[in-house]
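One-letter residues, chain by chain:
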Amino acid sequence: GAVVSQHPSRVICKSGTSVKIECRSLDFQATTMFWYRQFPKQSLMLMATSNEGSKATYEQGVEKDKFLINHASLTLSTLTVTSAHPEDSSFYICSAYTSGSTDTQYFGPGTRLTVL
Amino acid sequence: GESVGLHLPTLSVQEGDNSIINCAYSNSASDYFIWYKQESGKGPQFIIDIRSNMDKRQGQRVTVLLNKTVKHLSLQIAATQPGDSAVYFCAENIGYSTLTFGKGTMLLVSP
């Protein structure tokens, strides 16, 4: 149980284009989803917290107009990187939170974004 | 000139050894802690968790110890196997499901 998927797993795009990444909880309903960014050999940095049906809460320093988050249902959240530039190249990971016996976050497999 | 970069702390062990990975957390109000394993190119995988009202919790081959006095968390892996090679992160819950991750430790297990 508690499986989270991400799509696509890898994407390469040209500078200036927008890229959409999907995060789905496959076998549970997630009240909250989180988006992280991870650079090589570094830890996960929280970008934003997404609650179903409401606006995402962004961490300090994360541009909300640059990283658009939509949480349309209890099983789907999307992250759109708008007008991507090479410095946006990174590993983007989502997680889904479900309260219960563990109260933990379950992570997706990540999406490797490369902007040329 | 010398290049400057970030290097994960690395723990190198032999197969069959016991491994201990340490983590210092920052917020004395944190009440829930989790260890995650991350293999290269993959998302973090839940290993074991512990709440602040406990000081030890055991799973299959893994044990987490919590010392709230010095804000220290450790993960012990018994009989370490090559498949345990990965980066290990501790994470603390600082309020309503939000996690703060530690810097991570790379575990290298040689046969």
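Below is a short write-up of the structure. No experiment lies behind these values; they were computed from the predicted model shown. (Residues numbered from 1 in each chain as written. Chains lettered and ligands numbered in written order. Predicted model: local features only at pLDDT ≥ 70, side-chain atom pairs only at ≥ 80, totals over all residues. Heavy atoms only, no water.)

1. Re the overall build of chain B
The cut-off we apply is this: In this description a helix means any DSSP run of H or I spanning at least four residues, a strand means any run of E spanning at least two, and both kinds are numbered starting from the N terminus. As a reference, a globule follows 2.2 Å times the number of residues to the power 0.38, and the radius of gyration itself is taken over C-alpha atoms. Note on exposure labels: buried denotes an accessible area under 20% of the residue type's maximum, exposed denotes more than 50%, and partly exposed covers the range between, all computed with a 1.4 Å probe on protein chains only. We call two residues in contact when some of their heavy atoms are within 4.5 Å. In summary, the charge assignment counts Lys and Arg as positive and Asp and Glu as negative, without counting His or the chain termini. Taken as the charge location is NZ of Lys, CZ of Arg, CG of Asp or CD of Glu.
Secondary structure summary: chain B contains 0 helices and 10 strands in total. Each helix and strand of chain B, ordered N terminal to C terminal, gives the series β-β-β-β-β-β-β-β-β-β. Against the globule reference of 13 Å for 111 residues, chain B gives a C-alpha radius of gyration of 14 Å, in line with a compact fold. Scored against the burial criterion, the 111 residues of chain B give a buried share of 41%. Pairs at least 24 apart in sequence give 52% of the contacts found in chain B among residues at least 6 apart. When the 9 positive and 9 negative side-chain charges of chain B are each reduced to one mean point, those points stand 6 Å apart.

2. Brief notes about the overall build of chain A
The number of helices and strands found in chain A is 0 helices and 11 strands. Counting from the amino terminus, helix and strand elements in chain A follow one another as β-β-β-β-β-β-β-β-β-β-β. Its C-alpha atoms give chain A a radius of gyration of 13 Å, near enough to 13 Å, the size a compact globule of 116 residues would have. C-alpha atoms of chain A, sized along the principal axes, occupy 45 × 25 × 20 Å. In chain A, buried positions account for 50% of the 116 residues. Counting contacts in chain A only where the partners sit at least 6 residues apart, residues at least 24 apart contribute 54% of the total. Distance between charge centroids for chain A: 8 Å, based on 10 positive and 9 negative side chains.

3. Concerning the state of the cysteines
All names here are of chain A. Let me state the cut-off plainly: In this description, a disulfide is simply a cysteine sulfur pair whose atoms lie within 2.5 Å.
Applying the stated criterion to the full structure yields 2 disulfides over all chains. Covalent S-S linkage joins Cys-23 and Cys-94, the inter-sulfur distance amounting to 2.0 Å. Looking down the S-S bond of the Cys-23 and Cys-94 bridge, the torsion is 80 degrees, so its handedness is right-handed. Residue Cys-23 is located in strand S3 (residues 19-25), and its partner Cys-94 is located in strand S9 (residues 90-97); the two are separated by 71 residues in the primary sequence.

4. Considering the environment of Arg-61 of chain B
Residue and element names in this part refer to chain B. The following threshold applies: Distance and chemistry together define a polar contact, namely a pair of N or O atoms within 3.5 Å, with one atom able to donate a hydrogen and the other to accept it when in protein, and with adjacent residues in sequence counting only for side-chain atoms on both sides.
Following the sequence through the fold, Arg-61 ends up in the loop between strand S5 (56-58) and strand S6 (62-67). On a C-alpha basis, the gap between Arg-61 and Asn-18 in space is 9.5 Å, while along the polypeptide they are 43 residues apart. At a separation of 2.9 Å, a polar atom in the side chain of Arg-61 contacts the side chain of Asp-84.

5. Considerations on the nonpolar core
Most often, soluble globular proteins keep nonpolar side chains buried together rather than apart. The line we're drawing: We call a set of buried Ala, Val, Leu, Ile, Met, Phe, Trp, Tyr and Cys residues a nonpolar core when their side-chain atoms join them within 4.5 Å.
With 26 residues, the main nonpolar core has Phe-67 and Leu-113 of chain A as its most contacted residues. Of all elements in the fold, only strand S2 (10-13), S3, strand S4 (32-38), strand S5 (45-51), strand S7 (67-73), strand S8 (76-81), S9 and strand S11 (111-115) of chain A reach the threshold of two or more residues within this core. Leaving out residues up to four positions away in the same chain, Leu-113 of chain A has contacts with Val-11, Cys-13, Val-19, Val-81, Asp-88, Ser-89, Ser-90 and Tyr-92 of chain A. By size, the runner-up hydrophobic cluster in this structure holds 19 residues, among which are Trp-35, Val-62, Ile-77 and Ala-86 of chain B.

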